[in-house]
Amino acid sequence: FHKRCWGRVGLKRRRKPDGAEMMAAWILLSCAWGQGMRAEDFAMEELATEKEAEESHRQDSFNMLTFILLLTLTILTIWLFKHRRVRFLHETGLAMIYGLLVGVILRYGIPANSYHNKTPASCSLREGPTSTLLLNVSGKFFEYTLKGEINSREIHNVEQNDMLRKVTFDPEVFFNILLPPIIFHAGYSLKKRHFFRNLGSIITYAFLGTAVSCFVIGNLMYGVVKLMQAVGQLTGKFYYTDCLFFGAIISATDPVTVLAIFNELHADGDLYALLFGESVMNDAVAIVLSSSIVAYQPAGANTHQFDASAFFKSVGVFLGIFSGSFVMGAATGVVTFTKLHCFPLLETALFFLMSWSTFLLAEACGFTGVVAVLFCGITQAHYTYNNLSEESTKRTKQLFEVLHFLAENFIFSYMGLALFTFQNHIFSPIFIIGAFIAIFIGRALNIYPLSFLLNLGRRHKIKGNFQHMMMFAGLRGAMAFALAIRDTATYARQMMFTTTLLIVFFTVWVFGGGTTPMLSWLHIRLENQSDGPQAEGQSKTKQESAWLFRLWYTFDHNYLKPILTHSGPPLTSTLPSYCGPLASCLTTPRAYENHEQLRDPDSDLIRGDADLTFTFGDTAITANGASAPSSVFSSLSFPTHVWQS
C-alpha cells in the first residue's frame, strides 16, 4: 500500500537513462574537467612566466653588480697606485685586466647546464633571418625576437649562451649613453691656450693625417687579405671597402694613458695640446670617414668596384655630415642659455640635458653626434659657462668629470670582458700581425711627413723628440672599440672587432705603460723642471698665436661675447656710432657692470690686449674693451710680427 501510494502521489520513479543522455552527460563532464585543467594550465604558465621573469631580473642585477664591482675595484687600485706613485699602468689598463679576469670566470668558471638536448629544427631562408618571428601555436600567436647567432659547437649550451649574451651590451648603449659624456668632457675641459696656439697643426694631423692613415692601413690590409686568400686562411667575404672601413675605425687614436701621465708630470704644453687636440678631432673625423665609406655604393652589378661618381658622393657625404654636425653642435651650444641663477640645481640639470640632447639630435637628423657634442662642449665652455651661476659652474665641471671617468673605465672594463664573452670572435694570426704592422706604418706616414710640412711654416718647430713621442702615443681606445662593435654581423666585421680588441689591449698596456720611460729617453722637458714655465709659455703664446685665431678672437671678443654673454666690452663702445640704437638694445646692464671687472681668459692667447686697436669715428677701442680718443693712439702702429699656426 505504501509503495503504491508513494508511487501515485509522490515523485515518479526515475527511469534508466538511455545512450544519448549518457553521452550528453559525459560531454558536459569532459568540458568541465577540460576547463578546470585549462585554468590550471594557465595558472601554471603564469607561474612559470613570473618565475622566469624573476630569474631574468636576478641575472640582470648580477650583471650590473659585476660591472659596478669592477669599477669599485678599479677606483681602489687607482688610489693605491697614486699613493705609491706607480705609473707603469694606467687606470684604463687596470680596468681591462679586471674585465679579463671576470670574463674568464664567466666563460669557463660557470658550468654549462644544458636543457636542450634535441637537434634543433632546420629550415632554409632565401633571405637573412628576420628580427621578429610570429608563430601560430594552436590558435595562439607567439612573438619571438632574434637574439643572435649561436656558435655551432655550443648549440647545446643554450643556458650559458643566454648568460653570456646578457653581459653583452647593445652597441647603441655605447654610442648613446657612454660616448657622449666622454666626448663632451673633452670639449668642455679644453685648455684653450695651447690648443688654439697649435690649431693649424692639430687640424692638419686630425683631418689630413687621419685620411692618410686610413688609406695606408686600408690598402695594406687589402694586401693581407689577398695573402690570406692565397694561403687558404680566408673563409668568408672580405672586400676592399671592408679594408678601408677597418682603416678608418683603427685610425681613431685615444692616448688617454699618455695624456694622464703628461698632465700628472706637467709635460710640455705644446706636446700635450698636439696629442690631445689630434685625439679629440680625429675621433670625430674617423667616425665620419667610416660613415662615408659605408655610404660608398657604386652603380651596377658589382658594388665593390671603384666608381668615380660613388667616390665623389662619399666625399660629399663626409663634408656634409661633418659640416652639418659642426654647425648643429655649435648652434645648440650657443643657444644653451639658462636664466635659473636662483636655482643652481635646476640650472645644472637643464644644462646637462640640453648638452646630452645635442648628441641625440644630431644622430636623429642623420649627422654624427660625436662631432656635434664635441663642438657643443667647446662652445658651451666659451659662452654658456660665463652665464652660469658660480655654484652651477662648479657643479657642471664636476658632473661631467665624474661621468667621463665612469664611462671611460666602464668601456675599458667591458673590453676585457668582451674578449671572453663575445661569442663570434674570429682570430686570424695573419690578419692580426698584418694589422699591427699596418697601423705602425700608417702612424709613421701620418706624423713624420706632416710634421716636416708644418715645420716649414712654423716659427716654433715641432722638434724631433716631439714627433717620436707622438708616434709612440698613437694608442687605440674607446672610439675604435665602439666603432668596431657597432656592427659584427658579417665575417669581415667579426674579424675586425677581434683584431681591434687585441690592438687596444696591446697599445694601452705596452705603449701606455712605457710613457714615463719614453719621456726620459727622449729628453722631453717637464714644465715643473724649468725656470718660469708660465711666463715662458705665455711669451711664446703671444708671439706665435695663429693668425686665423687672432682674427677670430677680435671678432668674438668685441661682438659675439657681448651678445651671448655678459663679458667683454659693451656693444655701444665697439659698434659704429650709426649702430647705436641696435647696440643699446643688445647690451644688457650686467655688461656695463662687468666691463671693468671681467677679463677675457683668451686674451693671453695673442700678443696682448692693448696690441689690437680699432678706430670707429673719433674713438679707438683696444681688445680689452677700453676706449679713448683716437689722438692718443695716433703715434702707435699695429705690431708687425710673423704669425703662424
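Our structure's up above, just so we're on the same page.
Residues numbered from 1 in each chain as written. Predicted model: local features only at pLDDT ≥ 70, side-chain atom pairs only at ≥ 80, totals over all residues. Heavy atoms only, no water.

Participant: Residues and numbers for the overall build of the protein, please.
Facilitator: Summing up its helical and strand segments, the protein has 24 helices and five strands in all. Counting all 645 residues of the protein, 47% fall into the buried class. Counted over contacts in the protein with a minimum sequence separation of 6, partners at least 24 positions apart contribute 79%. Carbon and sulfur atoms make up 64% of the accessible area of the protein, which amounts to about 34,100 Å² in all. (Helix = DSSP H or I, 4+ residues; strand = E, 2+ residues; numbered from the N terminus. Buried < 20%, exposed > 50% of the residue type's maximum accessible area, 1.4 Å probe, protein only. Contact = heavy atoms within 4.5 Å. Areas by Shrake-Rupley, 256 points an atom, 1.4 Å probe, with all protein chains shown as cover.)

Participant: Before we move on, can you summarise the pattern of salt bridges with the specific residues and values?
Facilitator: Scanning the model with the defined rule gives six salt bridges in all. Taking the shortest distance from any N to any O, the salt bridge between Arg443 and Glu278 comes out at 2.7 Å. Of this pair, Arg443 sits in helix H15 (residues 429-455) while Glu278 sits in helix H10 (residues 269-294), and the two are 165 residues apart along the sequence. The same class applies to Arg443 as to Glu278, namely buried. Notably, a salt bridge pairs Arg493 with Asp487, separated by 3.0 Å at the nearest N-O pair. Judged by its relative accessible area of 12%, Arg493 is buried. Overlapping salt bridges bring together Glu172, Glu363 and Arg486 as one network. (Salt bridge = Lys/Arg side-chain N within 4 Å of Asp/Glu carboxyl O.)

Participant: Can you explain unusual backbone geometry? Please cite residues and give values.
Facilitator: Phi is positive for His523, close to 55°, though the residue is something other than glycine. Mapped onto the fold, His523 is located in the loop between helix H19 (515-521) and helix H20 (533-544).

Participant: Lay out the side chain of Thr66 in plain terms, naming residues and giving numbers.
Facilitator: For Thr66, the location among the structural elements is in helix H2 (residues 19-84). Only 2.8 Å separates the side chain of Thr66 from the backbone oxygen of Phe62, close enough to count as a polar contact. (Polar contact = N/O pair within 3.5 Å; in protein donor to acceptor, adjacent residues only side chain to side chain.)

Participant: Hey, could you go over the nonpolar core for me, with residue numbers and the actual values?
Facilitator: Core analysis: the largest hydrophobic core is formed by 130 residues, its most contacted members being Met221, Phe238, Phe246, Phe262, Tyr414, Met469 and Phe481. At 14 residues, the largest contribution of residues to this core is made by H10. What Phe262 contacts, discounting residues up to four positions off in sequence, is Ala267, Leu271, Tyr272, Leu275, Met469, Thr515 and Leu519. (Core = buried A, V, L, I, M, F, W, Y, C linked by side-chain atoms within 4.5 Å.)

Participant: Account for the packing of helix H5 (residues 171-188) against helix H13 (residues 369-387), naming residues and giving values.
Facilitator: Helices that pack against each other are described as a pair by the angle of their axes relative to one another and the distance between those axes. Interaxial distance between H5 and H13 falls to 7 Å at its minimum, and their mutual angle equals 40°. With respect to each other, H5 and H13 are oriented oblique. The two elements H5 and H13 meet at a crossing, and its hand is right-handed. Of the residues in H13, those touching H5 at Pro180, Ile183, Phe184, Gly187 and Tyr188 are Val370, Val373, Leu374, Cys376, Gly377, Ile378, Gln380, Ala381 and Tyr385. For the contact of H5 with H13, the class distribution of residues is eleven nonpolar, three polar and no charged. (Axes fitted to C-alpha atoms, helices over the stretch in contact; angles between N-to-C directions. Parallel < 35°, antiparallel > 145°, perpendicular 65-115°, else oblique. Left-handed = near helix turned anticlockwise from the far one by under 90°. Nonpolar A, V, L, I, M, F, W, Y, C, P; charged D, E, K, R; others polar.)

Participant: Provide a residue-level description of the packing of aromatic side chains, including the pertinent values.
Facilitator: Following the criterion strictly, the structure yields 25 aromatic pairs and no others. Ring centres of Phe67 and Phe410 lie 4.9 Å apart, and the angle between their planes is 40°; this geometry places the pair in the tilted category. Taken together, the residues span a long stretch of sequence, with Phe67 in helix H2 and Phe410 in helix H14 (residues 390-421) at a distance of 343 residues. Taking 5.7 Å as the distance between ring centres and 50° as the angle between the ring planes, the aromatic pair formed by Tyr188 and Phe351 counts as tilted. Pair noted here: Tyr188 is in helix H5 and Phe351 is in helix H12 (residues 344-364), with a separation of 163 residues, a long-range link. Its relative accessible area of 4% is what places Tyr188 among the buried residues. According to the relative accessible area criterion, Phe351 is buried, its value standing at 0%. Ring-pair connections join several aromatic residues into one group, and the members of that group are Phe184, Tyr188, Phe351, Phe352, Trp356, Tyr385 and Phe400. Here the guanidinium or amino end of Arg493 rests over the ring plane of Phe245, the centre of that ring lying 4.0 Å away. (Phe/Tyr/Trp six-rings, centres within 6.5 Å; stacked < 30°, edge-to-face > 60°. Lys NZ or Arg CZ within 6 Å of the ring centre and 35° of its normal.)

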